[in-house]
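# Structure assessment
Here is how the chains run, residue by residue.
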Amino acid sequence: MYFLYVGLFGALGGMCRYAINLWLGGGDFPYATLVVNLIGCFLLAFVMRFLAEKSRISLVILNGIGTGFIGAFTTFSAFSVDAIQLLENGEIVLAISYILISFIGGLLMVKLGAMLSTRLLKRGTSDVG
């Protein structure tokens, strides 16, 4: 069942990434890849922590969401290719900006996702008592 969930969620994640690429693609700067990777960083931190602690969703489905959906939604390979293409095209400032925004922004989005899930989880426990 694990492979089925990963495959199904992976198909959905890939389709979502493709839709965002159609919406934001084109131009000199890889906005679509940047957006999906930043959203993916937030989602992985938020959804996995929140759902793991708050929901009755099975571990197999959670892994399907994390590995399948978010794994297929985000893309390190496209990030790498985009960065190299910017460098090869002589767009040094754009390439460095893209790399820094991706890394720093990714870390900040993980922190934001973790903080938000922790805040929501704490709020849920204070309502009970």
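To start, this report covers the structure provided alongside it. (Residues numbered from 1 in each chain as written. Predicted model: local features only at pLDDT ≥ 70, side-chain atom pairs only at ≥ 80, totals over all residues. Heavy atoms only, no water.)

## As for the side chain of S117
Checked against the element boundaries, S117 lands in helix 5 (residues 92-128). On the basis of relative accessibility, which here comes to 0%, the residue S117 falls in the buried class. Discounting chain neighbours no more than four positions away, the residues touching S117 are A45, F46, R49 and F50. (Helix = DSSP H or I, 4+ residues; strand = E, 2+ residues; numbered from the N terminus. Buried < 20%, exposed > 50% of the residue type's maximum accessible area, 1.4 Å probe, protein only. Contact = heavy atoms within 4.5 Å.)

## What about the nonpolar core?
Among the nonpolar cores identified, the biggest contains eight residues, and these are F29, L34, L38, F79, A83, L86, A95 and Y98. Elements represented by at least two residues in this core include exactly helix 2 (31-54), helix 4 (76-88) and helix 5. Ranked by residue count, the leading element in this core is helix 4, at three residues. With residues up to four places along the chain from it excluded, the contact list for Y98 reads F29, P30, T33, L34, A78, F79, D82, A83 and L86. In this structure, F46, M48, L62 and I65 belong to the second largest nonpolar core, which totals seven residues. (Core = buried A, V, L, I, M, F, W, Y, C linked by side-chain atoms within 4.5 Å.)

Functional significance is not addressed by these values, which are geometric in nature.
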